[in-house]
Amino acid sequence: MTNLSREAAALLLLAGCAAGGDATKRDLEALRAEVHALRKENEDLSRKVDALSGRVEVISTRLARPAQREEATGAIVPPDLAVVRVEPPSDARAPPPVPTAVPIEEPEPARLEALSRRSGRDIGQDAEQELRRARKKTGAARAHALEDFAARYPRHPSADNALIEAASAYAEAGRGEAACDLARRCAHDYPAGDAMSDAIERLAWCESRRGATEAERKLLERLVSEFPRTPAAERAGTRLATISGRGGDAPSGPARSGP
């Protein structure tokens, strides 16, 4: 008996037992559960049949493709083509074998990128020209140009000096906070650069601006101790004597760093 026949019989039985007592009601619930299970089983079987039908169609298509390719290939060759074999002369020498397979190698991505970039010499020339143009400007425009140069060429030998020069230009333009930000950036990013002494001097000036005499003194003492033969250290010694003898008059600002 199929699942559908079993379901029909169960429904008939349900109809006949509808007027019974409690036992009949229990049988009725059991039959209903069985009908529900049979319906679910029928749905599962239907899905399996659909899936098998799809697989049959895919396999049939794959089997038909080789025959189609053979028919297409055979149509290219004309039926009246004659093959003639030419014998070489008896005294001819056999030519050396010539390799016909040429390997194709894909270029490395890093090499392609290097070839697409300009040479380091060209980039260095562009950086020098941009630095010269920035130094010819005045005021805030000079500060902006030097700051942009340091951002574009952070590994240039003059990048730290450009930051200090930009800080000095900001200070002269009345933008003390911007000057202090660049001095802190120079000290953080280029601790071994030749502009480090100028960066510490500028930071001491920043502490003096906000009235932090003790913080200024520590920076000036560090400058004299770590960079004793620099112009910044000489100015720091003079400033230390001033704040020790006069009680902390604010300086007008450190001298601007050289190129």
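Residues numbered from 1 in each chain as written. Predicted model: local features only at pLDDT ≥ 70, side-chain atom pairs only at ≥ 80, totals over all residues. Heavy atoms only, no water.

## A word on the overall build of the protein chain
Counting its regular elements, the protein chain contains 10 helices and zero strands. N-terminal to C-terminal, the α/β element order of the protein chain is α-α-α-α-α-α-α-α-α-α. Split into buried and exposed, the 259 residues of the protein chain put 28% on the buried side. Summarising the internal contacts of the protein chain: among those between residues at least 6 apart in sequence, 51% fall at separations of at least 24. (Helix = DSSP H or I, 4+ residues; strand = E, 2+ residues; numbered from the N terminus. Buried < 20%, exposed > 50% of the residue type's maximum accessible area, 1.4 Å probe, protein only. Contact = heavy atoms within 4.5 Å.)

## Describing the nonpolar core
Nonpolar side chains tend toward joint burial in soluble globular proteins. Of all hydrophobic cores here, the largest spans 40 residues; its most connected members are Leu146, Phe149, Leu163, Tyr170, Leu182, Cys186 and Leu220. Within the residue set of this core, elements represented by two or more residues are α4 (120-135), α5 (139-152), α6 (159-172), α7 (176-189), α8 (196-209), α9 (213-226) and α10 (231-246). With eight residues, the top contributor of residues to this core is α6. In this structure, Phe149 is in contact with Ala127, Glu130, Leu131, His156, Ser158, Ala159 and Ala162, ignoring residues within four places of it in sequence. (Core = buried A, V, L, I, M, F, W, Y, C linked by side-chain atoms within 4.5 Å.)

## Thoughts on the confidence of the model for the protein chain
Per-residue pLDDT for the protein chain has a mean of 77; in total, 64% of the residues score no lower than 70. At the level of individual helices and strands, the protein chain shows its lowest average pLDDT in helix α3 (residues 109-116), which scores 50, and its highest in α6, which scores 96. Per-residue pLDDT stays below 50 along residues 247-252; that stretch engages in 12 contacts with residues further than four places along the chain or on separate chains. pLDDT under 50 marks residues 255-259. Its contacts with residues more than four places away, or in other chains, come to 16 contacts. (pLDDT = per-residue confidence, 0-100.)

## As for α7
Along its 14 residues, α7 runs 20 Å from first to last C-alpha, staying within 8% of the 20 Å computed at 1.5 Å per residue. Turning to α7, its buried residues are Gly176, Ala178, Ala179, Cys180, Leu182, Ala183, Cys186 and Ala187. Check the buried side of α7 and you find it contacts α5, α6 and α8. (Expected span 1.5 Å × (residues − 1).)

## Considering the packing of aromatic side chains
With the rule as written, the count across this model stands at one aromatic pair. An angle of 40 degrees between the planes, with centres 5.4 Å apart, marks the rings of Phe149 and Tyr153 as tilted. The ring of Trp205 has Arg202 lying over it, and the distance from NZ or CZ to the ring centre is 4.6 Å. (Phe/Tyr/Trp six-rings, centres within 6.5 Å; stacked < 30°, edge-to-face > 60°. Lys NZ or Arg CZ within 6 Å of the ring centre and 35° of its normal.)

## Some remarks on the pattern of salt bridges
Tallied over the entire structure, the rule returns 16 salt bridges. When the shortest N-O distance is used, the salt bridge between Glu201 and Arg235 registers 2.7 Å. In this pair, Glu201 is assigned in helix α8 and Arg235 in helix α10, connecting sequence segments 34 residues apart. Under the relative-accessibility criterion, Arg235 is labelled partly exposed at 30%. (Salt bridge = Lys/Arg side-chain N within 4 Å of Asp/Glu carboxyl O.)

## Points about the side chain of Arg202
Looking at where Arg202 falls in the secondary structure, it is placed in helix α8. This buried residue, Arg202, is left without a salt bridge; Glu172 holds the nearest opposite charge, at 6.6 Å. (Lys, Arg positive; Asp, Glu negative; His and termini not counted.)

## Some words on the state of the cysteines
Counted under the stated rule, the structure contains one disulfide. Disulfide pairing is shown between Cys180 and Cys206; the S-S distance is 2.0 Å. The disulfide joining Cys180 to Cys206 has a torsion of about -110 degrees about its S-S bond and is therefore left-handed. In this pair, Cys180 sits in helix α7 while Cys206 sits in helix α8, placing the two residues 26 residues apart along the sequence. Cys206 matches Cys180 in its accessibility class, with the two residues each being buried. (Disulfide = S-S within 2.5 Å.)

## Description of α9
Given a rise of 1.5 Å per residue, 14 residues ought to cover 20 Å, and the 20 Å separating the end C-alpha atoms of α9 matches this to within 8%. Within the sequence span of α9, burial applies to Glu216, Leu219, Leu220 and Leu223. Down the axis of α9, the smallest arc covering the buried residues is 100 degrees, so these residues share one side. The exposed residues of α9 that point more than 90 degrees off its buried face are Lys218 and Ser225. (Arc of directions from axis to C-beta.)

## Brief notes about the environment of Arg210
If you trace the backbone, Arg210 turns up in the loop between α8 and α9. Its relative accessible area of 61% is what places Arg210 among the exposed residues. Among the polar contacts made by the side chain of Arg210, one reaches the side chain of Glu207 at a distance of 2.6 Å. (Polar contact = N/O pair within 3.5 Å; in protein donor to acceptor, adjacent residues only side chain to side chain.)

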